[in-house]
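Fold and contact review
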Amino acid sequence: MAQVTVSIGSNIERERHVRACLDALAATFGPLAISRVFESEPVGFEDGRNFYNLVVAFDSERPVGELQAWCKRLEFANGRREGVPKFSPRTLDVDLLTVGNLTGRHDGVELPRDEILHHAFVLKPLAELLPEARHPLTGRRYRAHWDEFEAGQQRLWPVEFVWQGRRISSPE
């Protein structure tokens, strides 16, 4: 059994799609560890709609390719469209970040996901959720990576968010 982490993002009907994603993850994989939900300004997008971003961890025995395919099916089930430009608004983005301590290419998926160390909207929630966990390539704790991260123009802030009657996030 490996711990899997995924990042979740949405800038179209954010609350609805994030809740639907969490419902599907819990129904499929069982108990979830969930970061706070952060609102972030879009990076590289011409459309100015802000995103909701968070990171979720769960345990799974599924192979990487199956996990990746599941994430993509969930995106399309929530209205994601193929063939649109990379930096287009999206109902749901679910990216596989880590699967245990796997590194390198597995089933066509590069692990750990490069975005972890380059985007505040991925690293901040991951560092809050799993501060003592170590990045599979660097061996450094996520908290240490965040403490040294140069966020620059990547603004994000925690927001109020309730899922299944439970407050999982609130502003600082």
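Fair warning: this is a prediction, and the values are worked out from it, not measured in the lab. (Residues numbered from 1 in each chain as written. Predicted model: local features only at pLDDT ≥ 70, side-chain atom pairs only at ≥ 80, totals over all residues. Heavy atoms only, no water.)

1. Observations concerning helix 2 (residues 64-77)
Taking 1.5 Å per residue, 14 residues should reach 20 Å; helix 2 reaches 20 Å between its end C-alpha atoms and fits that length. Buried residues along helix 2 sit in contact with strand 1 (2-10), helix 1 (14-29), strand 4 (51-60), strand 5 (93-99), strand 6 (104-106) and strand 7 (109-111). Gly79 sits one or two positions beyond helix 2 and adopts a positive phi of about 95°. (Helix = DSSP H or I, 4+ residues; strand = E, 2+ residues; numbered from the N terminus. Expected span 1.5 Å × (residues − 1). Contact = heavy atoms within 4.5 Å.)

2. Things to note about the state of the cysteines
Going through the model one piece at a time under the given rule, you end up with 0 disulfides. Looking at the unpaired Cys21, the closest cysteine sulfur is the one in Cys71, lying at 7.6 Å. (Disulfide = S-S within 2.5 Å.)

3. So, the packing of aromatic side chains
All chains considered together, the criterion is met by 4 aromatic pairs. Their ring planes at 20° and their centres at 5.4 Å tell us that Trp146 and Phe149 sit as a pair that is stacked. Through pairs of rings, three or more aromatic residues link up here, namely Phe29, Phe58 and Trp70. The ring centre of Phe161 lies 4.7 Å from the NZ or CZ of Arg19, which sits over that ring. (Phe/Tyr/Trp six-rings, centres within 6.5 Å; stacked < 30°, edge-to-face > 60°. Lys NZ or Arg CZ within 6 Å of the ring centre and 35° of its normal.)

Nothing here speaks to function; it is all geometry.
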